[in-house]
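# Structural description and commentary
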Amino acid sequence: MAAAARRARPGGPRAGFGRAAEEQGPAVPQGLLRAARRSGQLNLAGRGLGQVPQHVWRINLDTPEEAHQNLSFGAADRWWEQTDLTKLILASNKLQLLSEDVKLLPALTVLDVHDNQLTSLPSALGQLENLQKLDVSHNKLKSIPEELMQLSHLKSLLLQHNELSHLPDGFGQLVNLEELDLSNNHLTDIPTSFALLINLVRLNLACNQLKNLPADISAMKSLRQLDCTKNYLETVPSELASMASLEQLYLRKNKLRSLPELPSCKLLKELHAGENQIEILNAENLKHLNSLSVLELRDNKIKSVPDEITLLQKLERLDLANNDISRLPYTLGNLPQMKFLALEGNPLRTIRRDLLQKGTQELLKYLRSKIQDDGPSPNEEPPVTAMTLPSESRINMHAITSLKLLEYRCQSKMSADVVQCEKQAAVIPDEMFNAVRSNPVTTVNFSKNQLTAIPARIVELKDSVCDVNFGFNKISSISLELCMLHKLTHLDIRNNFLTSLPEEMEALTTLQVINLSFNRFKAFPSVLYRILALETVLLSNNQVGSIDPLQLKKMEKLGTLDLQNNDLLQVPPELGNCENLRTLLLEGNPFRTPRAAILAKGTAAVLEYLRSRIPT
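Residues numbered from 1 in each chain as written. Predicted model: local features only at pLDDT ≥ 70, side-chain atom pairs only at ≥ 80, totals over all residues. Heavy atoms only, no water.

## Describing the overall build of the protein chain
What counts is decided by this rule: Going along the chain from the N terminus, every DSSP run of H or I of four or more residues is numbered as a helix, and every run of E of two or more is numbered as a strand. Residue contacts are defined here by distance: any two heavy atoms, one from each residue, within 4.5 Å place the two residues in contact. All accessible-area figures derive from a Shrake-Rupley calculation using a 1.4 Å probe, and residue coverage is judged against the displayed protein chains alone.
When its secondary structure is counted, the protein chain shows 12 helices and 21 strands. Sequence-distant contacts in the protein chain: of pairs separated by 6 or more residues, those separated by 24 or more amount to 38%. Entry remark: accessible area of the protein chain is about 27800 Å², with carbon and sulfur atoms responsible for 48%.

## Things to note about the nonpolar core
What counts here: Residues belong to one nonpolar core when they are buried, are Ala, Val, Leu, Ile, Met, Phe, Trp, Tyr or Cys, and are joined through side-chain atoms within 4.5 Å. Here's how the labels work: a residue is buried when its accessible area is under 20% of the maximum for its type, exposed when over 50%, partly exposed in between, all with a 1.4 Å probe on protein chains only.
Ranked by size, the top nonpolar core spans 102 residues in total, and within it Leu88, Phe171, Leu180, Phe194, Leu203, Leu226 and Leu295 carry the most contacts. The leading source of residues in this core is helix α7 (residues 360-372), at 4 residues. Setting aside chain neighbours within four positions, we find phenylalanine 171 in contact with Met149, Leu157, Leu159, Leu177, Leu180, Ser193, Phe194 and Leu197. In this structure, Leu451, Leu558, Leu584 and Ile598 belong to the second largest nonpolar core, which totals 64 residues.

## Digging into the pattern of salt bridges
So the rule is basically this: Any Lys or Arg side-chain nitrogen located within 4 Å of an Asp or Glu carboxyl oxygen qualifies as a salt bridge.
Inspection of every chain in the model, using the stated rule, returns 15 salt bridges. With a shortest N-O distance of 2.8 Å, lysine 339 and glutamate 535 are connected by a salt bridge. You can see lysine 339 sitting in the loop between β12 (317-319) and β13 (340-342) and its partner glutamate 535 sitting in the loop between β18 (513-515) and β19 (536-538), a full 196 residues away along the chain. Arginine 530 is the salt-bridge partner of glutamate 503, the closest N and O atoms lying 2.1 Å from each other. A residue pair is termed long-range when its members are at least 10 positions apart, and glutamate 503 in the loop between β17 (490-492) and β18 and arginine 530 in the loop between β18 and β19 qualify at 27 residues. Ionic contacts of the salt-bridge type, sharing partners, join the residues Arg252, Glu275 and Glu296 into one network.

## Considering the confidence of the model for the protein chain
We apply this condition: pLDDT runs from 0 to 100 and stands for how confident the predictor is about each residue.
Chain-level statistics for the protein chain give a pLDDT mean of 85 and a share of 87% at 70 or above. In the predicted structure, residues 1-24 sits below a pLDDT of 50 and forms 24 contacts with residues beyond four places in sequence or in another chain. Scored below 50 in pLDDT, residues 411-422 makes 25 contacts in the model with residues more than four places away or belonging to other chains.

## A short note on a negative patch on the surface
Applicable threshold: A patch is a set of surface residues, each over 30% in relative accessible area and not in a salt bridge, joined within 9 Å for like charges and within 5 Å for the nonpolar side chains Val, Leu, Ile, Met, Phe, Trp and Tyr. Residues scored as positive are Lys and Arg, those scored as negative are Asp and Glu, and His as well as the terminal groups of each chain are ignored. To locate a charge, take NZ of a lysine, CZ of an arginine, CG of an aspartate or CD of a glutamate.
A grouping of Glu100, Glu146, Glu147 and Asp169 is seen on the molecular surface, where their side chains present a negatively charged patch. In this fold, glutamate 146 is placed in the loop between β4 (133-135) and β5 (156-158). Accessibility expressed as a relative area gives 51% for glutamate 146, which makes it exposed.

What follows is the structure, encoded as structure tokens:
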């Protein structure tokens, strides 16, 4: 009992205890407090608390209830061996203030009070010298106490969605800070002391009122992610170019007239600068960005794309939608990693609108074909390579030998220079496969026919084909022959009658992109969870009712998941742990949360929201 005596304070700490609890709203169950004394963690999220009961602040000081009862304690219930509280979660309550008594919990390493109604923070927070994570986001804070700058061990500080208009000058004292989120506040400037945050990895300044960034920000040598979305930036300091660790830079929805030149940002993987006023894309903007995989420049005023874009050999996503681009360098088609190219909303003269709607791979093939043509006229139409009816088929040997393309897409439209079908085909004629002979075909396009099954002879192409398109047919099942195409990287079977995928598809170990949109799936095809090379899964406009976030997390390369317009009644919070997802599309489902306003903020915000809802 000596330990209990040491913990007890003079003046009878338990006097009036019941009355105090009564005044402070719902009592905290004794069982929860007992468990917290053993584990050092207490989760009081979502309990409707108007204020924190006093016995929570005094959990490590007061003698617990069970000590006043004549009980025999087992090893698990020896309260005198209790652990100091290290983690306290008070999120999603109705708290309007935090007591200065927070200082009675000096061992705290995590304090989470997000989603409350706090207008200020107690200065006593500065005494929590062991604190490593402080989440006070989604409150009504107008200022931050200077004492907070004393938290020298703090690694994560989340202040987003408050009403902050300025920050303490001493912010640079938080030298161990690795994550700082100040998004969705009213900030007009950033303290120059930010330059001292040399361990900062992620800085979010989105949705504020910043007109410029201090040049000193370049001193943050560890910074990997900088988000300045939706501010009033007209320029970016040239010093930003020296930030060698930067991997993701978000500059969307500002007033930029040009892209920054970033010669030292050799690790930059993502550059988002859509919805600005950029008119010129210079070679200097691009030629040093050897690691860039995402370049997003939609909704600007760009008039042309320099040939140097082809230096970005790792580029996977290029969004140039809604600009003033009239022509493209055909060499764009040679970018080896390109998976998504958006060009809609541009006055392009050399590319027909219907070609833009056929998707990235078709577009890239067309651009490559124009290189082959060695200088086409500006108004030349894309080649039509549809075949005739089986009895009259004309084989396009140029496409097979030069483009490595086997294509059979019948059209109902007649053309003056190419004989075309008068109706769509229900089978692919043998002449098509016979024509391939020893030519290694890499791309097969049998889309927009009336196929009810995948032709068995597709297996003859298994040693070379990597891109297959059976979209817009009437296929109801996947054949085992398709599962033998061991070099397949892209598979498009959108707009068919599929309800399931065979387990044998697990053999497609190199498959990176699969499009299953507009089919009849009622569940996420389980075999996809085991195809670990998948980077893009498009499953929109089906009837999918559930997903398994734990299985999805194992798909470490998955960057894009489209589940729009399905039957998802709920989104599992654990989906937020799938941090590799760059694009998660969930609109058009019947779930109630996340709300549309959160979905509209984009993938990062959705994942953050989901993580905040994971039970702890």
